[in-house]
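Geometric and topological summary
The residues making up each chain are set out below.
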Amino acid sequence: MKILIVDDEVIIRTGLAKVINWKEIGLELLKPAVSAEEALRRMPEERPNILLTDIRMKHMNGLELALKAKEIIPDIETIILSGYDDFMYTQQAIRQGVSDYLLKSSRPEEIMKTVLQVKKRIEDKWKHLNQDLYKNKEVRNRLFERWIIEGETAAVDAEMLPDYLALLFLSREHEQPKFQTYVVTAEGWGETAAEISLLLFAVDNMLHDILHCETLIYRQRIVVALPKTSASDFFDHPQSAKQKIERLLKCKVSISIGEVVHKQSDLYKSYVTADYAFSYKHHLDESILIYSDIVERKGGKTVCTHEEELELSSILLDDDSVALKNWVQRYLQSELSDPQMTIESLESLVRSAALSAHRWLERVLTATGRQGALDDQNIAFVVKRDIVLKDALFQYLLTLMELYHHRLGNGQATHTQKAMAYIHENLGRDVGLQQVAKYVHLHPNHLSEVFKKEAGITFGDYVTRQKINRAMEILTVSPAKIADVASSVGFEDIKYFSQVFKKFTGKTPSEFREEAVLHPAAPPPKF
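Residues numbered from 1 in each chain as written. Predicted model: local features only at pLDDT ≥ 70, side-chain atom pairs only at ≥ 80, totals over all residues. Heavy atoms only, no water.

Note on placement: threonine 215 falls in strand S7 (residues 214–217). There is a polar contact of 2.6 Å between the side chain of threonine 215 and the side chain of aspartate 204. Setting aside anything within four residues of it in sequence, one finds threonine 215 in contact with Arg140, Phe144, Asp204, His208, Ile222, Val223 and Val224. (Helix = DSSP H or I, 4+ residues; strand = E, 2+ residues; numbered from the N terminus. Polar contact = N/O pair within 3.5 Å; in protein donor to acceptor, adjacent residues only side chain to side chain. Contact = heavy atoms within 4.5 Å.)

What follows is the structure in structure tokens.
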């Protein structure tokens, strides 16, 4: 595709020619023209596809040039360069169907983006005009997808591959064939689908200029299949090619590199490993991810500790989104910075926290008499490889917290329900009337009255019953010493604990445990 620059000011003409590396974005730059008249004389022979012209020139202006250029080359696309005081001209340009216009003060990257938009528009137009050519391109893209991305090697006609993916079948004498697959992504031109698509289009153009490779833009990434040749600098030095693309396109590029294979038919295996390396993109502060390095990792922490679960429960109970975000950051930071972390261990750690939060929600709902309220709620935590797990975990925990405090039951929880939930989550700590009243922001005497009225039981009796219930659960499943069980539910005196326990259950803690061992299927009673 060819571009012709027309401007009667030498500094602008030469500046536009040199400020952008036109070849690297897939355009052939014709010798710039000094006037509209010169451009028109040259057009029949040189046949430019894009015209980049100043709007104000001697004799014939840019708009007149655009009209006459269309008479010579009907499908030519024109980009007008204008100054701030050319608004009337700009309005006329839009009416005349000029493709785009730019201010002369535009930065190089703005000029490049506009030219690339026009280039893409031309290619889309060609697609409709040349159905046979683009039908072949669609066949080629589907072959690439089925053979390299989906691994359907048996379903693909092998005889078609050298015709449609020719660069992967160029053999050199005395060279041991090697192949590799990369996943390339780029960002920095905006968040809309159109901006992302245009940037990938530009990066794809550059990859083809730098490399002997086959590519496919696939799900907002570029899959690159590359034969190892003596000219494949990118194969051995991806950092330099990455920097070259970033410097020209003013964007940020990430590359995930798969393992080397020795047959074209094994490129799918290379793609799988490149895609696996790509799954680390959101979690490692690295722009080049190499599968051979990542596969050596052993894995890190996978389970939320008891202390972390207690802290999380307290935050969820407090309905504190800021503290929750900070907790998630602290919880995952050590794993993210662990050189042995794998995506699997990170996913397990995130699932463990999500499960802890779900258990918290079930406990507090049960403690406040709202068990069964989760039956109609779809709150499963789903892990996907293309998401930032830290953000996904925070959003899930926030959803559970808001579900409890603002949506389940009859509006916001009452003071009594908040007190019950706090007691249930802190049985091994201070759950005296003073402490709980402070937590729910009521005077102790008032909380005592409200609690008895709403719960039908005194505050003290409720606390004791919850402690005994928790002790029974522990005795049923744990071989812990009786003294340790007493301490874990807030009894400092083991003798007093045994007396209270027998009062409620009719058995000593030891007798209760022995019976639980003999009848393991029977759940402990609740008081």
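Now that the structure has been shown, the text picks up again.
Before going further, it helps to spend a moment on the pattern of salt bridges. Per the stated rule, a full pass over the model turns up 22 salt bridges. With a closest N to O distance of 3.5 Å, arginine 107 and glutamate 110 form a salt bridge. By relative accessible area, arginine 107 is classed as partly exposed at 45%. A salt bridge links arginine 363 to glutamate 309, with the shortest nitrogen-to-oxygen separation between them at 3.9 Å. Highlighted residues: arginine 363 in helix H15 (residues 343–367) and glutamate 309 in helix H13 (residues 306–318), separated in sequence by 54 residues. Of the residues examined, arginine 363 reaches a relative accessible area of 23% and is grouped as partly exposed. Look at the salt bridges and you will find they share partners, linking Glu309, Arg359, Arg363 and Glu425 into a network. (Salt bridge = Lys/Arg side-chain N within 4 Å of Asp/Glu carboxyl O. Buried < 20%, exposed > 50% of the residue type's maximum accessible area, 1.4 Å probe, protein only.)

Take the sheet that holds strand S1 (residues 2–6) next. Taken together, the five strands give an open sheet; going across it, the order is S2-S1-S3-S4-S5, and neighbouring strands pair in parallel fashion. The strands lining the two open edges of the sheet, one partner per strand, are strand S2 (28–29) and strand S5 (100–103). When strand S4 (residues 77–82) meets S5, the two strands line up parallel, connected through four bridges. Paired with isoleucine 79 across the strands is aspartate 100, a residue of S5. (Pairing = 2+ DSSP bridges.)

So, on to helix H3 (residues 62–72). For H3, the full list of buried residues reads Gly62, Leu63, Leu65, Ala66 and Ala69. The buried residues of H3 occupy an angular sector of 155° when projected down its axis, which confines them to one face. Backbone nitrogen of leucine 63 and a side-chain oxygen of the N-cap are separated by 3.0 Å at the start of H3; the cap is asparagine 61. (Arc of directions from axis to C-beta.)

Our next topic: the sheet that holds strand S10 (residues 288–290). Here we have five strands laid out as an open sheet, ordered S7-S8-S6-S9-S10, and mixed in their pairing. Since the sheet does not close on itself, it has two edges, and those belong to S7 and S10, each with one partner. Pairs of neighbouring strands in the sheet enclose a mean axial angle of 15°, with direction left out of account. For S7 and strand S8 (residues 222–227), the ladder comprises four bridges, and the chain directions are antiparallel. Its bridge partner being in S8, threonine 215 is matched across the sheet by valine 224. Helix H10 (residues 238–249) rests against strand S9 (252–257) and S10 of the sheet, and its axis sits at about 155° to S9. (Axes fitted to C-alpha atoms, helices over the stretch in contact; angles between N-to-C directions.)

This next bit is on the environment of serine 82. Among the structural elements, serine 82 can be located in strand S4. In the structure, serine 82 is positioned 24 residues away from serine 106 in sequence and 9.9 Å away in space, judged by C-alpha atoms.

This part takes up unusual backbone geometry. Residues other than glycine seldom take positive phi values, yet glutamine 220 does so here, at roughly 60°. Mapping glutamine 220 onto the fold places it in the loop between S7 and S8. The class for glutamine 220 is exposed, based on a relative accessible area of 51%. You will see that histidine 441, though not glycine, has its phi angle at about 60°, which is positive. Structurally, histidine 441 can be placed in the loop between helix H18 (433–440) and helix H19 (444–455). Residue classification places histidine 441 among the exposed positions, given a relative accessible area of 70%.

Before going further, it helps to spend a moment on the side chain of threonine 114. Within the secondary structure layout, threonine 114 lies in helix H5 (residues 108–129). For threonine 114, a relative accessible area of 9% puts it in the buried group. If we skip the residues at most four places from it in the chain, threonine 114 touches Ile79, Asp100 and Leu102.

One can describe the packing of H18 onto H19 by two numbers: an axis separation of 9 Å at closest approach and a directional angle of 90°. Taken together, the axis directions place H18 and H19 in an arrangement best described as roughly perpendicular. Across from Leu433, Gln434, Val436, Ala437 and Val440 in H18, the residues of H19 making contact are Pro444, Leu447 and Ser448. Of the residues contributing to the contact of H18 with H19, the split by class is six nonpolar, two polar and no charged. (Parallel < 35°, antiparallel > 145°, perpendicular 65-115°, else oblique. Nonpolar A, V, L, I, M, F, W, Y, C, P; charged D, E, K, R; others polar.)

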